[in-house]
Amino acid sequence: MTPPPSPAPHSPGAFPRVRPRRLRSTPAMRRLAAQTTLAPAQLVLPLFVREGATEPLPIGSMPGQVQHSRDSLRAEVVRAAEAGLGGVMLFGVPVTRDATGSAACRADGILNQALADVVAEVGDAVVVQADLCLDEFTDHGHCGVLDAHGRVDNDATLEQYRAMALAQAEAGAHLLGLSGMMDGQVAAVRDALDGAGHHDVALLAYAAKYASAFYGPFRDAVESTLVGDRRTYQLDPANRREGVREALLDVAEGADVVMVKPAMSYLDVLADVAAASEVPVWAYQVSGEYAMVEAAAAHGWIDRRRAVEESVLSIRRAGADAVLTYWALELAGWLREDVR
Ligand code: PBG
């Protein structure tokens, strides 16, 4: 039996019966029909803390963002908790750096001190997260230690990551963000944490982290010393399938959450990873994405609030359960206004 022909949506001379515009007719109708939502709990705020800073220092390439002092960081994390954000992600900017990034692994290193400060202040009211990577702490600026030929040594780096993870867990971090893109980093860190009884510290794997020009402003923010690039460890922007491969490997190694980074230029990868992953998938709207919108808005070329909201909503729509964004606090404030 052949099914009866479906009625033509629009026969010549007649008015259309099928009118998608009905669901767009009023704000209330649009709200009811919206498939994707935004809430403060889905936002994570990245924050920088600079060793020795006595007041917040503006970051030129990221207007509105600062390098915090230990005190101003504490206050900002309290605001994040009060706003109901999902979490904060801390990055440390040390004063001295060395070949192995040793300050990353010491309790008196700036990032570990800041973690302890923040956890003492807010407890577990907000998920306190730490960037687990050596690039801010090495004098050469790479995410790992170098071998005799100056190449990033994967397995020697894993030993440093294990030590760094223990220092962060001991400082009280709830979740560690593994952003170094070394092979086997999730398994190595999980093993180190479990061996020391830190079973409850969760791991976010920057699973599909691409070698991107959009990290430019961040490198100012952390005063990066990197010469060259990270193309031997971060993903090639040409590769879509490899993003899924990396994410599934990290899940198999024990990642609690996987992430795609940057966000807006990689929404295809994000959608693929979201379809394939059995753990939550996050995305990082990185410094360059932030800076582009801020710069255009400062020129009056774009409606800043609408661009911010649309960009984060698009990242959620593509499949991110949560988004790391420098606009997290401001956006949470707007979301509260919208409810009223
Ligand atoms: C590595 C790290 C980077 C970012 C987050 N973690 C820089 C890099 O890989 O070069 C970039 C974040 C951003 O651009 O906002 N520690």
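Above this note sits the structure.
Residues numbered from 1 in each chain as written. Predicted model: local features only at pLDDT ≥ 70, side-chain atom pairs only at ≥ 80, totals over all residues. Heavy atoms only, no water.

Draft legend 1. Quick look at the nonpolar core. Residues Phe 48, Leu 90, Tyr 161, Leu 176, Val 189, Val 258 and Trp 282 are the most contacted members of the largest nonpolar core, which totals 105 residues. When residues of this core are assigned to their parent elements, the largest contribution, 7 residues, is made by helix H3 (residues 110-122). The residues touching Leu 90, leaving out its near neighbours within four places in the chain, are Leu 47, Leu 73, Leu 111, Ala 114, Leu 115, Val 118, Gln 129, Ala 130 and Asp 131. (Core = buried A, V, L, I, M, F, W, Y, C linked by side-chain atoms within 4.5 Å. Buried < 20%, exposed > 50% of the residue type's maximum accessible area, 1.4 Å probe, protein only. Helix = DSSP H or I, 4+ residues; strand = E, 2+ residues; numbered from the N terminus. Contact = heavy atoms within 4.5 Å.)

Draft legend 2. Representation of a positive patch on the surface. Residues Arg 19, Arg 21, Arg 22 and Arg 24 make up a contiguous surface patch of positive charge. Tracing the chain through its elements places Arg 21 in the segment before helix H1 (27-33). Using a relative accessible area of 67% as the deciding quantity, one classes Arg 21 as exposed. (Patch = residues over 30% accessible without salt bridge, like charges linked within 9 Å, V, L, I, M, F, W, Y side chains within 5 Å. Areas by Shrake-Rupley, 256 points an atom, 1.4 Å probe, with all protein chains shown as cover. Salt bridge = Lys/Arg side-chain N within 4 Å of Asp/Glu carboxyl O. Lys, Arg positive; Asp, Glu negative; His and termini not counted. Charge placed at Lys NZ, Arg CZ, Asp CG, Glu CD.)

Draft legend 3. Here's a closer look at the packing of aromatic side chains. One pass over the structure, following the stated rule, counts 9 aromatic pairs. Ring centres of Phe 48 and Tyr 326 lie 6.1 Å apart, and the angle between their planes is 15°; on these two criteria the pair is classed as stacked. Within this pair, whereas Phe 48 is found in strand E1 (residues 43-50), its partner Tyr 326 is found in the loop between strand E10 (322-324) and helix H11 (328-339), the two being separated by 278 residues in sequence. Residue classification places Phe 48 among the buried positions, given a relative accessible area of 1%. A ring pair is formed by Tyr 290 and Trp 327, whose centres lie 4.9 Å apart and whose planes are at 40°; its orientation type is tilted. Pair noted here: Tyr 290 is in helix H9 (residues 287-298) and Trp 327 is in the loop between E10 and H11, with a separation of 37 residues, a long-range link. With respect to burial, Tyr 290 and Trp 327 carry one shared label: buried. An aromatic cluster of three or more residues is present, and its members are Phe 48, Phe 91, Tyr 206, Phe 218, Tyr 284, Tyr 290, Tyr 326 and Trp 327. The positively charged end of Lys 209 is found above the aromatic ring belonging to Tyr 215, 5.6 Å away from the centroid. Its guanidinium or amino end placed over the ring of Tyr 215, Lys 261 lies 4.9 Å from that ring's centre, counting from NZ or CZ. (Phe/Tyr/Trp six-rings, centres within 6.5 Å; stacked < 30°, edge-to-face > 60°. Lys NZ or Arg CZ within 6 Å of the ring centre and 35° of its normal.)

Draft legend 4. Expanded view of the site of the ligand. By nearness alone, 18 residues border the ligand, and Asp 135, Arg 219, Lys 261, Ser 287 and Tyr 326 come closest of all. With respect to the ligand, the side chain of Arg 230 contributes an N or O atom lying 2.8 Å from an oxygen atom. Side-chain polar atom of Gln 234 to an oxygen atom of the ligand: 2.9 Å apart, as the coordinates give it. When the free accessible area of the ligand is taken as 410 Å², the share hidden by the protein chains comes to 100%. In the shell around the ligand, the residues fall into 8 nonpolar, 3 polar and 7 charged. (Near = heavy atom within 4 Å. Polar contact = N/O pair within 3.5 Å; in protein donor to acceptor, adjacent residues only side chain to side chain. Nonpolar A, V, L, I, M, F, W, Y, C, P; charged D, E, K, R; others polar.)

Draft legend 5. Up close: the environment of Tyr 290. Take Tyr 290: its relative accessible area is 3%, and that puts it in the buried class. For the pair Tyr 290 and Val 308, spaced 18 residues apart in sequence, the C-alpha to C-alpha distance is 8.5 Å. Ignoring any residue separated from it by four or fewer positions in sequence, one finds Tyr 290 in contact with Met 62, Pro 63, Gly 64, Gln 65, Tyr 326 and Trp 327. Looking at Tyr 290, its side chain comes within polar contact range of the main-chain oxygen of Pro 63, at 2.5 Å.

Draft legend 6. Examining the pairing of E1 more closely. Of all the 8 residues making up E1, 7 are buried; the element is thus mostly covered by neighbouring parts of the structure. Two strands pair when backbone bridges link them, and E1 and E10 are joined in this way by 2 bridges, in the parallel orientation. Bridging from a neighbouring strand, Leu 43 pairs with Val 323 of E10. Examined bridge by bridge, E1 and strand E4 (residues 87-93) share 7 bridges and lie parallel to one another. Among the inter-strand pairings, Pro 46 is bridged to a residue of E4, identified as Met 89. Examined bridge by bridge, E1 and strand E3 (residues 66-68) share 2 bridges and lie parallel to one another. Its bridge partner being in E3, Phe 48 is matched across the sheet by Gln 67. (Pairing = 2+ DSSP bridges.)

Draft legend 7. Here's a closer look at helix H8 (residues 267-276). Buried residues of H8: Val 269, Leu 270 and Val 273, and no others. One face of H8 carries all of its buried residues, which in axial projection span an arc of 100°. Where H8 is buried, its residues contact strand E7 (202-209), helix H7 (241-253), strand E8 (257-261), strand E9 (281-284) and helix H10 (304-317). (Arc of directions from axis to C-beta.)

Draft legend 8. Up close: a nonpolar patch on the surface. Residues Leu 23, Met 29 and Leu 32 make up a contiguous nonpolar surface patch of roughly 310 Å² in combined accessible area. Residue position: Leu 23 is located in the segment before H1.

Draft legend 9. Main features of H9. For H9, spanning 12 residues, the distance from its first C-alpha to its last is 16 Å, which sits close to the expected 16 Å at 1.5 Å a residue. Of all 12 residues that make up H9, 9 are buried, and the element is covered over most of its length. Regarding H9, the residues found buried are Ser 287, Gly 288, Glu 289, Tyr 290, Ala 291, Val 293, Glu 294, Ala 296 and Ala 297. On its buried face, H9 sits against helix H6 (216-221), E9 and H10. Two residues or fewer past H9, Gly 300 is found with a positive phi of approximately 75°. (Expected span 1.5 Å × (residues − 1).)

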